[in-house]
Amino acid sequence: MEAQAERRKRPAYHHLIGQRIVKSAVAIGLCFLVYVLRGWRGIPFYTALAALQCMQPYRENTRKMANQRLCGTFVGAFYGLCVILLQCFLFRPYHIVYLGYCTAVALGVAASLFTAVHLLHKKNAAYFSCVVFLSVTMVHIGDENPYLFVLNRVVDTLIGVAIGMGVNACHLPRKKRRDTLFVTALDDVLLSRSSTMSDYSRVELNRMLDEGIPLSIMTMRTPASFLEAAGDIRVNCPLILMDGAVLYDVKNNAFPAKRELAYADAKTVMDRLRELGIETFQNVIAGNSVLIYYQKIGSDGSRQVFERLRKSPYRNYLHRPLPEGEAVAYLMAMDTTEKIDAAYAALCADGADERYKLLCYPSDDYPGYSYLKVYRKDATKLNMLKTLMELTGFQRVRTYGSVPGAYDRCVSISTGDEVVRLLKREFEPVCWKCKKKMN
């Protein structure tokens, strides 16, 4: 919805080589270097493969992958060695060799899977255990010294995992700016027009959040809409949602601050809109939940929106009257553009625009229909940002958005990568000259 009011032409975009690509190349080079230093022993292919598999975007994922890789290697190597021993000491006559070998390999795969999944409870290691097992039993069983291969195979993996984890943990030393609250818009800034975020933006944003960037997001979206679109972003500050009506703490599922319509004001507007033939949805903050009351659905477009959104596990629709005395975060109506425009004009003629904040805009998803939203007069993003700064204790703030003049940094509509790159440069500047420019 915010996207409909803040769109600009999408700029040309150029892909750059990321740190993960560079680190992968460095890790492979180190694998070959270790191979040479070991006196050309082992097989660098397996070392490089393990290093690449540990080159994950998040540190926690790297540790998990290393754990699964090592577990799978030891399980596969153990059962591979068992098959080699059977091949050498039991399957001597030729007519027994092939049949016995095939049976042993099949049983070895089953044993590897069972051990990884059921005994060690490492489901993700099952694949690695089978890869190692099959490489031992089907590729190198005829080697002059297959036992040595099993040992080298384990050592190669250990070296690769160590190199992968070491390289992935390396970062250029940069001083982080933790004295500034960074706040970015969401739609057409972090999210594209299709409400998606690029992999680069998601990974880099979460990395900076893990390293302590104080980041908040301001948007017209509700908590449900935000969680559906960007719930995997590990934000560490309350969010400014509902166009400034609430602060929402994702971690604690709480609302530290609200600017709500009083029940009397909400009832007055609802009754006036009903006189004009417009029905509303009343968004109410009840404890740590958002409840959406409605009495009647007044248009086909409104019913389509309701049928689409009511299936969400984040939304709670209640077909009943608004409880007496209940404050309302905002009222939302959707009807034909003609009826909404007429209702908006009638409200303004009544002086409602002086007492409340009114938003009226056409729907992109439902041509011919428009939205009308009514908020408390002081429920603005700027006011809620001041409240957020008071709650968090920050004296400095840096805002990013796509509306010229409304934010400290105007960002062109894109995949979101532009604002993430700006955040990187200003949160962890490469040089102090860059930091001075920001100041």
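Residues numbered from 1 in each chain as written. Predicted model: local features only at pLDDT ≥ 70, side-chain atom pairs only at ≥ 80, totals over all residues. Heavy atoms only, no water.

Enquirer: Report on the overall build of the protein, specifying residues and quantitative values.
Expert: A count of helices and strands for the protein gives 16 helices and 13 strands. In the protein, buried positions account for 50% of the 439 residues. In the protein, once contacts between residues fewer than 6 apart in sequence are set aside, the share between residues at least 24 apart is 71%. Roughly 21600 Å² of accessible area belongs to the protein as shown, and the carbon and sulfur atoms make up 59% of that amount. (Helix = DSSP H or I, 4+ residues; strand = E, 2+ residues; numbered from the N terminus. Buried < 20%, exposed > 50% of the residue type's maximum accessible area, 1.4 Å probe, protein only. Contact = heavy atoms within 4.5 Å. Areas by Shrake-Rupley, 256 points an atom, 1.4 Å probe, with all protein chains shown as cover.)

Enquirer: Just give me the short version of empty space enclosed by the protein, but keep the residues and values in it.
Expert: The method is simple in principle: a probe with the dimensions of a water molecule rolls over the atoms, and the space it marks as empty is what remains. A full pass over the atoms with the stated rule returns 1 cavity of 30 Å³ or more. Those elements giving two or more residues to the lining of the largest cavity turn out to be helix H2 (19-37) and helix H7 (146-168). The leading source of residues in the lining of the largest cavity is H2, at 3 residues. Class assignment of the residues belonging to the lining of the largest cavity gives a composition of 4 nonpolar, 1 polar and 3 charged. (1 Å grid on protein atoms, 1.4 Å probe; cavity = no way out; pocket = protein on both sides within 12 Å on 5 of 7 lines; lining within 4 Å. Points joined across faces, edges and corners; volume = space filled by probe spheres on them. Nonpolar A, V, L, I, M, F, W, Y, C, P; charged D, E, K, R; others polar.)

Enquirer: So what's going on with a nonpolar patch on the surface? Which residues, and what values?
Expert: A cluster of nonpolar side chains, contributed by Val 22, Val 26, Leu 30, Leu 33 and Leu 37, occupies part of the molecular surface with about 440 Å² of accessible area. Along the polypeptide, Leu 30 turns up in helix H2. (Patch = residues over 30% accessible without salt bridge, like charges linked within 9 Å, V, L, I, M, F, W, Y side chains within 5 Å. Salt bridge = Lys/Arg side-chain N within 4 Å of Asp/Glu carboxyl O.)

Enquirer: I'd like a description of the environment of Cys 54, backed by residues and values.
Expert: Tracing the backbone shows Cys 54 in the loop between helix H3 (44-53) and helix H4 (59-89). Once the C-alpha coordinates of Cys 54 and Gly 164 are considered, the two residues, 110 residues apart in sequence, prove to be 5.3 Å apart. Residues in contact with Cys 54, not counting those within four places in the same chain, are Thr 62, Met 65, Ala 66, Val 161, Gly 164, Met 165 and Asn 168.

Enquirer: Outline the pattern of salt bridges, listing residues and values.
Expert: Taken as a whole, this structure holds 26 salt bridges when the rule is applied. Across the pair Arg 376 and Asp 378 runs a salt bridge, and its minimum N-O distance is 2.6 Å. A network of salt bridges, in which partner residues are shared, links Lys 176, Glu 204, Arg 207, Glu 211, Lys 424 and Glu 428.

Enquirer: Can you tell me about the confidence of the model for the protein, naming the residues and giving the values?
Expert: Of the residues in the protein, 87% have a pLDDT of 70 or more, and the chain-wide mean is 83. Counting interchain partners and residues more than four positions distant, the pLDDT-below-50 stretch residues 1-15 has 46 contacts. Low pLDDT, under 50, characterises residues 432-437; the stretch is placed with 5 contacts to residues that sit more than four places away or in other chains. (pLDDT = per-residue confidence, 0-100.)

Enquirer: Let's hear about the sheet that holds strand E7 (residues 289-294): which residues, and what values?
Expert: Spatial strand order, E8-E7-E6-E9-E11-E10: 6 strands in an open sheet with mixed pairing. The sheet is open, and its two borders are formed by strand E8 (316-319) and strand E10 (356-362), each paired with just one other strand. Strand-to-strand twist of the sheet, defined as the mean angle between neighbouring strand axes without regard to direction, takes the value 25°. Looking at chain direction, E10 and strand E11 (residues 369-376) are connected through 7 bridges and run antiparallel. Bridging from a neighbouring strand, Tyr 356 pairs with Arg 376 of E11. (Pairing = 2+ DSSP bridges. Axes fitted to C-alpha atoms, helices over the stretch in contact; angles between N-to-C directions.)

Enquirer: Kindly report on the packing of aromatic side chains, identifying the contributing residues and their values.
Expert: Per the stated rule, a full pass over the model turns up 12 aromatic pairs. Considering the side-chain rings of Phe 45 and Tyr 46, the 5.2 Å spacing of their centres and the 70° angle between planes classify their relative orientation as edge-to-face. Taking relative accessible area as the criterion, Phe 45 reaches 52% and is therefore assigned exposed. When the centroid spacing of 5.5 Å and the interplanar angle of 35° are considered together, the rings of Tyr 361 and Tyr 371 count as tilted. Pair noted here: Tyr 361 is in strand E10 and Tyr 371 is in strand E11, with a separation of 10 residues, a long-range link. (Phe/Tyr/Trp six-rings, centres within 6.5 Å; stacked < 30°, edge-to-face > 60°.)

Enquirer: An account of the nonpolar core is needed here, citing residue identities and associated values.
Expert: By size, the foremost hydrophobic cluster in this structure holds 67 residues, and its most contacted members are Leu 181, Leu 190, Leu 205, Met 242, Leu 385 and Leu 423. Broken down by element, this core gets its largest block of residues, 5 residues, from helix H15 (residues 417-427). Core analysis: the second largest hydrophobic core is formed by 22 residues, Val 269, Leu 318, Leu 331 and Leu 347 among them. (Core = buried A, V, L, I, M, F, W, Y, C linked by side-chain atoms within 4.5 Å.)

Enquirer: Provide a residue-level description of unusual backbone geometry, including the pertinent values.
Expert: One non-glycine residue, Trp 40, lies in positive phi territory at about 65°. Its relative accessible area of 57% is what places Trp 40 among the exposed residues.

Enquirer: With reference to specific residues and values, describe the packing of helix H8 (residues 199-210) against H15.
Expert: Remark: H8 packs on H15, axes separated minimally by 9 Å, with the N-to-C direction vectors making an angle of 25°. Taken as axis vectors, H8 and H15 run roughly parallel relative to one another. Note that H8 runs across H15; the crossing there is left-handed. Of the residues in H15, those touching H8 at Tyr 200, Ser 201, Glu 204, Leu 205, Arg 207 and Met 208 are Asp 417, Val 420, Arg 421, Leu 423, Lys 424 and Phe 427. Considering only residue class, the contact of H8 with H15 consists of 6 nonpolar, 1 polar and 5 charged. (Parallel < 35°, antiparallel > 145°, perpendicular 65-115°, else oblique. Left-handed = near helix turned anticlockwise from the far one by under 90°.)

Enquirer: Give a detailed account of helix H9 (residues 223-230), specifying residues and quantitative values.
Expert: In terms of residue burial, H9 counts as a mostly covered element, since 7 of its 8 residues are buried. Of all the positions in H9, only Pro 223, Ala 224, Ser 225, Phe 226, Leu 227, Ala 229 and Ala 230 are classed as buried. Packed against the buried residues of H9 are strand E2 (215-218), strand E3 (239-241), strand E4 (246-249), strand E5 (254-258) and E7.

Enquirer: How would you explain the pairing of strand E9 (residues 330-336) if you had to name every residue and give the values?
Expert: The element E9 is largely enclosed, with a buried count of 6 among its 7 residues. Both strand E6 (residues 281-286) and E9 contribute to a ladder of 3 bridges, which runs antiparallel. Paired with Phe 281 across the strands is Met 332, a residue of E9. The pairing of E9 with E11 spans 6 bridges and is antiparallel. Note on E11: the bridge partner recorded for Asp 335 is Ser 370.

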